[in-house]
Amino acid sequence: MSIIYNECLGNTKLIYSAFAEENKETSINTYGISVKDNNKNSEVILRNFTTVKENAIDFIEILIRNSVSPDFVKEIAEDYLLA
């Protein structure tokens, strides 16, 4: 896994990352999303979110603009992918 985009908010309270990794089943590069809240000690990781790097970065930027906590990332991701 290699980080392609990383941003911290609130003195590292929230850490947003997009990362690249190879899907072992298909040998295709995929991009995932990680959001960590250090105050609540919670984290969500969405592996294989997309095969398009720009979509992963766009989604991370949406999360950052709205200061989304890990609790809501999955629901927002579903809406993003269905749009």
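Please refer to the structure higher up on the page.
The paragraphs below set out a description of the structure included in this document. (Residues numbered from 1 in each chain as written. Predicted model: local features only at pLDDT ≥ 70, side-chain atom pairs only at ≥ 80, totals over all residues. Heavy atoms only, no water.)

With that out of the way, let us pick up the sheet that holds strand E2 (residues 14–22). What the 4 strands build is an open sheet, ordered E1-E2-E3-E4; its pairing is antiparallel. In the strand order of this sheet, the two ends are held by strand E1 (2–9) and strand E4 (42–50), each with one partner. Direction aside, the axes of adjacent strands within the sheet are offset by 15 degrees on average. (Pairing = 2+ DSSP bridges. Helix = DSSP H or I, 4+ residues; strand = E, 2+ residues; numbered from the N terminus. Axes fitted to C-alpha atoms, helices over the stretch in contact; angles between N-to-C directions.)

Time to look at the pattern of salt bridges. Side-chain pairs of opposite charge can arise whenever the charged atoms involved come near each other. Tallying each qualifying case throughout the model produces 2 salt bridges. Among the salt bridges present, the one from Arg47 reaches Glu21, with a minimum N-O distance of 2.9 Å. Note that Arg47 is positioned in strand E4 and Glu21 in strand E2, a separation of 26 residues in sequence. A salt bridge links Asp71 to Lys40; its shortest N-O distance comes to 3.8 Å. Of this pair, Asp71 sits in the loop between helix H1 (53–65) and helix H2 (73–82) while Lys40 sits in the loop between strand E3 (29–37) and E4, placing them 31 residues apart in sequence. Looking at Asp71, the relative accessible area reads 46%, which means it is partly exposed. Taking the relative accessible area as the measure of exposure, Lys40 reaches 55% and is therefore exposed. (Salt bridge = Lys/Arg side-chain N within 4 Å of Asp/Glu carboxyl O. Buried < 20%, exposed > 50% of the residue type's maximum accessible area, 1.4 Å probe, protein only.)

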